[in-house]
Amino acid sequence: MNDSRPVRVVHLIAPVAFGGGEALLTDLLTAERDDLSESVVTVGLAPMLADGLAAAGVRCEAIGRRTVGAERAGQRTEAMHAVGLVRPLRRLLRRERPHVVHAHGFPPSFLAAVAPPAGTRRVYTHHYERRPPGLLETRALTALFNRYDALTTPADHLTAAMNRHFPGLRHQFATVRIGLGDRFYEGRPHHRWTNLFPPDTAIGVCVGRLVATKNQALVVRALAALNDDERRGIGIVLVGDGPQREELESLVAASHLEAQVHFAGHVPRKEVPDLLASADFGLFPSTTEASSVAAAEALAAGLPVLCLDIPSMVETVGPAGMFSTSEQFAVDLVRMARTHASLRDAARQRGEDARVGVVRSAWAALYLDVTRQEAGARPAR
C-alpha cells in the first residue's frame, strides 16, 4: 500500500454494556492519528459504547439487532448468533474496504477470520484468561488463529499462556499494553466525593461491574471483620452496577456499614478521573482478571492499589501496591489505609506506562507492518 495514505482500520468488538475493554477502545480511538482512519463495528446493538464513540467523533455501526447487556452470553450462544452475522459483516467490509480488520475477543475472532474480503489484513487481540484447551479445541483454534496476520494480548502473562496453549501458530501472540487517555493523569478532587465521609478519612475506591468475579463482597467482609478502632477513618466507594448490587447492599446493611460504604452506581467516564483524584487508594479484589483497565486508571491518578495476588494484578501494579489473600485482606486494608501516601509516587510512575500515545504508536506500527506483508515483508511478531 501507499504509506502516505492513512491505514483504514475497522475494529470489530462484541461489547458488554460498557466494561473495561469498551472504555479502552474509546480512549484509544479518541487519540486521533493522521496515519490511521478508524471505525468500529459492534456485534449487537451497544448504545453506551456507540454514544461514547460518537462523542469522540468515531463512527460506529452494529451488525445484529440484539441489544447487549451488562454481561456476555456463553460462548456457545455467542457462536450460534455469530454464524448469521457473517454475511452482513461481509457486506459492510466490502463497502468500507479496510486495510485491516482488528477483532477484539470472541466472537469477533471467528467473524474476522471468515468474513474479510481478499487483501484485508487481520489482527486479533485476546483479552481474557482461558483454561488449557483440549486436543480438538487446540486444533480448531490454531486453524482459526492462523488466518490472522498478527495476534496480540494486553499483558505478558496472557501472551505467555496463549503461546503455551497453542504451540503450532504461524505468528506467536505478542503483548501490546492497554492505553489510558491523558485525563486520567489530570483529575482534580471534587467535593461530590471528598464530602462522602468525615475529614481525615482514607478513601478506597473500587471500580468495576458488581459481579462475583470482581469480588467486592471481600472488601465489605474485610471492613466488617475489623474492630471499631481499626475501622475508624476508612471509607469505601463502590463504583459500578451489576447483578451483585442487591446482595452487596444487604451485606453492608447486615454489617451496619452504611456510613462507611457508599454505592456510587454507574459513573460517567468523564467524571471518573475526578473521582479517582478524590480517593486515596484503589481496591481491586478480583479473583480473575486478564488485564485490569480500572486498576491502571487508579495508578494513573496516583492511587496505590490493594488487590489479590493474581498474575494480572502483579503485572499491572508491580511495586505500586499491596498483594493480599482473602484471609489477609482485612489486615492489609488497614495497612493500606494508614500507609497509602508512601506509595503515591510509585503509583504515578507505574501509571505512566499506560499513556495512550505510547500504545497508539505501537498499534499504528503493527497495522503498517501487517499491511506491508502484501509486499512480502516478514509478519508482525
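1. Remarks on the pairing of strand S2 (residues 36–45)
Burial within S2 is extensive, with eight of its ten residues counted as buried. Where strand S1 (residues 7–13) meets S2, seven bridges bridge the pair, whose relative direction is parallel. Paired with Leu 12 across the two strands is Val 41, which belongs to S2.

2. Some remarks on the confidence of the model for the protein chain
Predicted confidence across the protein chain gives a mean pLDDT of 91, with 94% of residues reaching 70 or more. Below pLDDT 50 for its whole length, residues 375–381 participates in 17 contacts with residues either more than four positions away or in separate chains.

3. Some points on the sheet that holds S2
Taking strand neighbours across the sheet as the criterion, the seven strands line up as S3-S2-S1-S4-S5-S6-S7 in an open arrangement whose pairing is parallel. Taken across any chain shown, the strands that pair with only one partner, and hence form the sheet edges, are strand S3 (60–67) and strand S7 (173–175). Strand-to-strand twist of the sheet, defined as the mean angle between neighbouring strand axes without regard to direction, takes the value 25°. Direction of pairing for strand S6 (residues 150–153) relative to S7: parallel, over a ladder of three bridges. Paired with Thr 152 across the bridge in S7 is Ala 174. Most of the contacts of helix H17 (residues 356–371) go to strand S5 (residues 121–125), to which it runs at about 145°, and overall it touches S1, S2, strand S4 (100–104), S5 and S6.

4. Topic: the pairing of S4
Within S4, five of the five residues are buried, which leaves it mostly tucked inside the rest of the structure. Side chains Val 100, His 102 and His 104 of S4 all project onto a buried face; the interleaved residues Val 101 and Ala 103 project onto the opposite face, where all are buried too. Bridge count between S1 and S4: five bridges; the pairing is parallel. Note that in S4 the partner of Val 10 across the bridge is Val 101.

5. Digging into the nonpolar core
With 81 residues, the main nonpolar core has Val 205, Leu 283, Phe 284 and Leu 333 as its most contacted residues. Beyond its immediate stretch of four places on either side in the chain, Leu 333 contacts Ala 222, Leu 223, Leu 226, Ile 234, Phe 281, Leu 283 and Leu 306. Among the nonpolar cores identified, the runner-up in size contains 28 residues, and Val 43, Leu 85, Tyr 124 and Leu 144 belong to it.

6. Details of empty space enclosed by the protein
If you roll a probe as big as a water molecule over the atoms, it shows you where there is empty space left. Applying the stated criterion to the full structure yields one cavity of 30 Å³ or more. Considered as a void within the structure, the largest cavity measures approximately 30 Å³ in volume. Listed by contribution, the elements that provide at least two residues to the lining of the largest cavity are S2 and helix H4 (86–96). A class-by-class count of the residues in the lining of the largest cavity yields four nonpolar, one polar and three charged.

7. Things to note about the sheet that holds strand S13 (residues 321–324)
What the six strands build is an open sheet, ordered S10-S9-S8-S11-S12-S13; its pairing is parallel. Each of the sheet's edge strands pairs with one partner strand only, and the pair in question is strand S10 (261–265) and S13. When the angles between neighbouring strand axes are averaged without regard to direction, this sheet yields 25°. Of the strands in this sheet, strand S8 (202–207), strand S9 (234–239), strand S11 (281–284), strand S12 (305–308) and S13 touch helix H15 (residues 329–339), which is tilted by about 170° from S13.

Conventions and cut-offs
- Residues numbered from 1 in each chain as written.
- Predicted model: local features only at pLDDT ≥ 70, side-chain atom pairs only at ≥ 80, totals over all residues.
- Heavy atoms only, no water.
- Buried < 20%, exposed > 50% of the residue type's maximum accessible area, 1.4 Å probe, protein only.
- Helix = DSSP H or I, 4+ residues; strand = E, 2+ residues; numbered from the N terminus.
- Pairing = 2+ DSSP bridges.
- pLDDT = per-residue confidence, 0-100.
- Contact = heavy atoms within 4.5 Å.
- Axes fitted to C-alpha atoms, helices over the stretch in contact; angles between N-to-C directions.
- Core = buried A, V, L, I, M, F, W, Y, C linked by side-chain atoms within 4.5 Å.
- 1 Å grid on protein atoms, 1.4 Å probe; cavity = no way out; pocket = protein on both sides within 12 Å on 5 of 7 lines; lining within 4 Å.
- Points joined across faces, edges and corners; volume = space filled by probe spheres on them.
- Nonpolar A, V, L, I, M, F, W, Y, C, P; charged D, E, K, R; others polar.

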